[in-house]
Structures are given as C-alpha cells and as structure tokens.
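# Topology and contacts: notes
Here's the letter readout for the chains.
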Amino acid sequence: MHARDFLMIPGPTPVPDAVLEACARHPIGHRTRELSEALKAVVIDLKWLGDTKSDAIVLTSSGTGAMEAAIANTVNAGDKVLSLVCGVFGQRWAKIAEAYGAAVERITVEPGQCIDPEVVRTKLQENKDKPFKAVTITHNETSTGVMNDLKTIAALCKDHGALSIVDAVTSFGAVAISIDNWGVDILVTGSQKALMNPPGLAFIFMGERAWQANKECRTPRFYFDLAKYKKSLDDDTTPFTPNVSLIMGMQASMKLIRDAGKEDVFRRHQELQKLLRSNLKAMGLELFAQDNIASPTITSILPPAGVSVADIRKGLKERFRIFVADGQEALVGKIFRIGHMGNVFERDILMTVSALKAVLGDLGYKSK
Ligand SMILES: *Cc1c(COP(=O)(O)O)cnc(C)c1O
C-alpha cells in the first residue's frame with residue numbers, strides 16, 4: 001500500500017472530487033435536454049471566464065486538435081503566417097500551419113526567454129506591404145515555463161490586420177485573460193490543465209474576424225469544420241457525439257471556479273508560483289526562467305550539479321508518489337518541471353518542496 005499518486009506535472013492536473021463524481025455518472029444521451037442544458041452552462045461559463053462575447057466551441061479532442069481546427073478554419077495554403085516560438089508548443093503552431101501549406105515565418109527565441117513584443121512590432125512593420133494573415137502565439141509556454149505578454153502582442157496583430165491565434169492551454173482559467181478587450185481573435189484551451197478535468201475536451205473561442213476568415217477559407221476540413229459547431233451551438237448541441245461525461249465534469253469544475261470567484265482563482269495561482277519559487281531558491285536551486293517572465297502555472301528548475309533529472313523524478317515517484325515532468329525535446333534531462341495549476345493549493349506546494357528536499361538529500365545534495 002502506498003500514498004495516492006499525486007500529479008505535479010503540467011497536465012493532466014489533479015481533478016477535484018466534485019468533478020470526478022460528475023464524470024462518473026452513467027453517460028446520458030447526447031441529444032437530451034439535460035446534456036443541452038449542461039453544454040449551454042459550460043459555454044456561458046467559458047465566455048465569462050474569458051471575458052468575451054466570442055463563440056466558445058466545445059470540441060471532443062485534445063488541445064492540439066483545437067489548434068489544428070484554428071488553422072484549418074482560417075488559413076489558406078500559401079497564406080503568410082508568423083509564428084512566435086519560444087518552445088515546443090510555439091513550434092507546434094508553426095508545424096501545423098506548415099502542414100496546411102501556409103508560408104510560415106518564425107520569430108524564435110532561446111528556451112527560457114519570452115517573445116519580445118518590440119521584435120514582433122518590427123517584423124510586422126517590415127511586412128506591412130504584404131501583411132501576415134495570422135500570427136500564432138503561445139500565451140504560456142509549457143515546455144519552458146515562461147508567459148508571454150499576450151495583451152501587447154495581440155494589439156500589435158490587430159494594428160497589422162493579422163488574426164491573433166492564441167494557445168492559452170496552460171493559462172486559461174489560471175490567469176486573467178480578456179479576449180475582447182485584448183482583441184484576441186482565436187483562443188484555444190483544453191480541459192486537462194487549469195480547468196481541472198481529465199483530458200478529452202478542447203475549447204476554441206472564435207471572434208467576428210475569425211468567422212470572417214472562416215468564410216473565406218477553402219482549406220479542406222470535416223470533423224473540425226467549426227461552422228458546423230457554430231450552427232449546432234445555436235441549438236445548444238454539437239454536430240457529433242461529444243464526450244458527454246466531460247461536459248458534465250466541466251459543468252462541475254466551472255461551478256467551483258464561479259463559487260470561488262475568478263479573481264480569487266487567479267490570485268491563488270500567483271501566490272502559489274511565488275511560494276514555490278521562493279522555496280526552491282531558498283534550497284539553492286536555479287530556476288530556468290527569470291522572475292519577470294516566469295509562468296504562473298509551471299516552474300522549470302535546473303538540477304543541481306551532479307544530480308540527474310531522471311533520479312530526481314524517480315525519487316519523487318518511488319518515495320512519495322509525486323510526479324513531476326522532465327524537460328521536452330532539447331531540454332530532456334536539462335530541466336524538470338513542476339505544474340501548479342487548477343486544483344492545487346498551498347499544502348500541495350509545501351508538500352512537493354519537502355519531498356524534493358528529501359529526495360535531493362537521498363541523492364547527496366545538501367539543500368541550503
Ligand atoms: C498541454 C498543452 C497543449 C495541448 O496538448 P494536448 O496534448 O494536445 O492536449 C497545447 N499547448 C500547450 C501550451 C500545452 O501545455
């Protein structure tokens with residue numbers, strides 16, 4: 001017998017009991033009034049959370065499916081797309097756009113850095129005679145643990161006349177985002193991060209300019225044809241069978257966020273980030289991202305000299321049943337990542353810090 005597994009990875013994240021219970025009910029028919037009511041409630045709550053009048057479309061897919069839908073519904077082959085890349089997820093946008101034949105240009109920064117809006121401004125300026133159709137942005141780069149200045153970048157896109165297409169998978173629900181005030185055209189998120197559900201649903205907000213682009217988009221699509229979803233949404237339903245269990249789960253998790261108050265939820269994420277970072281620094285550990293650009297939901301840490309990431313992760317798993325993530329791609333073995341979004345509280349941070357201290361001790365590292 002051992003302690004319950006505890007996820008401190010950047011998704012999937014721990015799921016609250018109320019959400020698990022909602023998901024565990026027998027699936028109901030997807031054309032029932034009850035499911036329509038639940039879907040409607042989820043859509044209203046998502047729009048409230050994103051501070052927007054944009055349509056909130058519910059897709060049964062992982063987050064990447066919604067990213068692909070965003071491109072396939074607005075970008076034509078040959079269109080110029082600017083991708084802002086500060087890690088694996090920023091790169092994913094560029095690859096998706098390339099897969100659909102877009103002419104992709106990238107602004108790429110070193111891992112651990114964020115996108116400098118001034119560099120974006122210059123790039124857009126240089127292209128003002130032949131403007132970009134869209135700019136892809138990763139609000140919170142999960143692979144490195146930095147957050148970009150979405151508000152400023154979205155405003156630059158608007159001035160340029162480009163659609164802003166945003167991955168907010170690890171920021172939406174943890175950080176205040178005002179889709180309409182910031183002029184974000186398309187924003188994508190998923191169920192399994194700050195929204196505290198199991199993986200399986202993705203959400204895509206589509207504003208007016210996005211629908212305009214959709215009308216002019218000839219890219220082939222079928223399951224992810226968002227115009228179908230918009231039409232169904234008018235009748236509080238979906239074109240195909242959705243993951244009904246997760247729609248019930250989302251209804252429960254959004255109620256938790258409403259009951260807590262979204263400002264409180266955002267504040268908690270800020271506080272947990274500070275608490276974790278200050279404790280890690282006090283242990284003498286080096287953090288991968290500078291404080292001023294550090295993610296409120298994921299913290300990346302360099303292993304101390306002579307200690308491997310693999311051993312740290314193994315120790316946390318075997319001794320404490322706590323799971324943390326490795327780096328991704330070029331950062332495998334170079335950093336480890338602790339996720340702290342959604343159903344995560346002060347106790348969880350302190351527990352993870354203590355466990356990490358003990359494991360580093362086992363590995364011969366003396367914490368300060
Ligand atoms: C988790 C995540 C996604 C979505 O990944 P899926 O595995 O497709 O759900 C997309 N972007 C970011 C930044 C993420 O952290």
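These numbers were taken from a predicted model, which means no experiment stands behind them.

The next subject is the overall build of the chain. Within the chain one finds 13 helices and 14 strands. On C-alpha atoms alone, the chain measures out to a radius of gyration of 21 Å, which is about the 21 Å that the 2.2 N^0.38 rule sets for 368 residues. Taken over the C-alpha atoms alone, the chain extends approximately 60 × 55 × 35 Å along its principal axes. Burial statistics for the chain: of 368 residues in total, 58% are counted as buried. Distance between charge centres in the chain, computed from 45 positive and 42 negative side chains, equals 2 Å.

What follows covers the site of the ligand. All residues adjacent to the ligand are S62, G63, T64, F89, R92, N140, T142, D167, V169, T170, Q192 and K193. Within the side chain of S62, a nitrogen or oxygen atom sits 2.5 Å from an oxygen atom of the ligand. At 2.5 Å from an oxygen atom of the ligand is found a side-chain nitrogen or oxygen belonging to T64. Notes on the ligand: free accessible area 380 Å², of which the protein chains cover 87%.

Another aspect to go through is the packing of aromatic side chains. Under the counting rule described, the total for this entry stands at six aromatic pairs. On the numbers, 5.3 Å between centres and 25° between planes, the contact of Y223 with F240 is stacked. Of the two residues, Y223 is situated in the loop between α8 (208–215) and α9 (226–233) and F240 in the loop between α9 and α10 (244–260); the sequence distance between them amounts to 17 residues. Of note, K80 hangs over the ring of F132, and the distance from its end group to the ring centre comes to 4.7 Å. Taking NZ or CZ as reference, R258 lies 4.3 Å from the ring centre of W48, over its face.

It is worth spelling out helix α6 (residues 150–160) at this point. All buried positions along α6 are accounted for by L150, I153, A154, L156, C157 and H160. Take α6 and look down its axis: the buried residues cluster within an arc of 155°, on one side only. Opposite its buried face, α6 presents the exposed residues K151 and D159, each directed more than 90 degrees away. In the core, the buried residues of α6 are packed alongside β3 (80–85), α5 (117–126), β5 (134–138), β8 (163–167) and α7 (179–182). Positive phi appears at G161, one or two residues downstream of α6, with a value of about 90°.

A word on the environment of M206. Structurally, the position occupied by M206 is in strand β10 (residues 201–206). As for M206 and P10, which are separated by 196 residues in sequence, their C-alpha atoms are 25 Å apart.

Because side chains alternate across strand β11 (residues 298–301), one face comprises the buried residues I298 and S300, and the other comprises T299 and I301, equally buried. Sheet analysis places β11 next to strand β14 (residues 336–339), joined by four bridges and oriented antiparallel. Within β14, the position partnered with I298 by the bridge is G339.

What follows deals with helix α3 (residues 63–72). Judged by how many residues are buried, α3 sits mostly within the fold: eight of 10 residues are covered. Residues of α3 that are buried include every one of G63, G65, A66, M67, A69, A70, I71 and A72, and no others.

Once that is clear, we can look at the confidence of the model for the chain. Looking at the chain, pLDDT values average 98 and 100% of them are 70 or higher. Across the chain, the element-wise mean pLDDT spans from 94 in strand β1 (residues 6–7) up to 99 in β8.

If you trace the three strands from one edge of the open sheet to the other, you get β11-β14-β13, paired in antiparallel fashion. Both outer strands of the open sheet, β11 and β13 (325–326), are each paired with one neighbouring strand and no more.

What follows concerns the pattern of salt bridges. The full count for this structure, using the stated rule, is 19 salt bridges. With a closest N to O distance of 2.9 Å, D362 and R319 form a salt bridge. Pair noted here: D362 is in helix α13 (residues 346–362) and R319 is in helix α12 (residues 309–320), with a separation of 43 residues, a long-range link. Judged by its relative accessible area of 52%, D362 falls in the exposed class.

So, on to the packing of α12 against α13. It is at 9 Å that the axes of α12 and α13 come closest, and there the two elements cross at 115°. Note on packing geometry: the crossing formed by α12 with α13 is right-handed. Contacts from D311, I312, G315, L316, R319 and F320 in α12 reach A355, L356, A358, V359, L360 and D362 in α13. Classifying every residue of the contact of α12 with α13 by side-chain character gives eight nonpolar, one polar and three charged.

Right, let's get into the sheet that holds β3. Sheet architecture is open: seven strands sit in the order β2-β10-β9-β8-β5-β3-β4, paired in mixed fashion. For this open sheet the edge positions go to β2 (55–60) and β4 (103–108), each flanked by a neighbour on one side alone. The mean inter-strand angle of the sheet, taken between neighbouring strand axes irrespective of direction, is 20°. Alignment of β2 against β10, held across six bridges, turns out to be antiparallel. Of the residues in β10, the one forming a bridge with L59 is A202. In the packing of helix α2 (residues 33–49) onto the sheet, contacts are made with β2 and β10, and the angle to β2 comes to roughly 125°.

Cut-offs and rules
Residues numbered from 1 in each chain as written. Predicted model: local features only at pLDDT ≥ 70, side-chain atom pairs only at ≥ 80, totals over all residues. Heavy atoms only, no water. Helix = DSSP H or I, 4+ residues; strand = E, 2+ residues; numbered from the N terminus. Rg over C-alpha atoms; globule rule 2.2 N^0.38 Å. Buried < 20%, exposed > 50% of the residue type's maximum accessible area, 1.4 Å probe, protein only. Lys, Arg positive; Asp, Glu negative; His and termini not counted. Charge placed at Lys NZ, Arg CZ, Asp CG, Glu CD. Near = heavy atom within 4 Å. Polar contact = N/O pair within 3.5 Å; in protein donor to acceptor, adjacent residues only side chain to side chain. Areas by Shrake-Rupley, 256 points an atom, 1.4 Å probe, with all protein chains shown as cover. Phe/Tyr/Trp six-rings, centres within 6.5 Å; stacked < 30°, edge-to-face > 60°. Lys NZ or Arg CZ within 6 Å of the ring centre and 35° of its normal. Arc of directions from axis to C-beta. Contact = heavy atoms within 4.5 Å. Pairing = 2+ DSSP bridges. pLDDT = per-residue confidence, 0-100. Salt bridge = Lys/Arg side-chain N within 4 Å of Asp/Glu carboxyl O. Axes fitted to C-alpha atoms, helices over the stretch in contact; angles between N-to-C directions. Left-handed = near helix turned anticlockwise from the far one by under 90°. Nonpolar A, V, L, I, M, F, W, Y, C, P; charged D, E, K, R; others polar.

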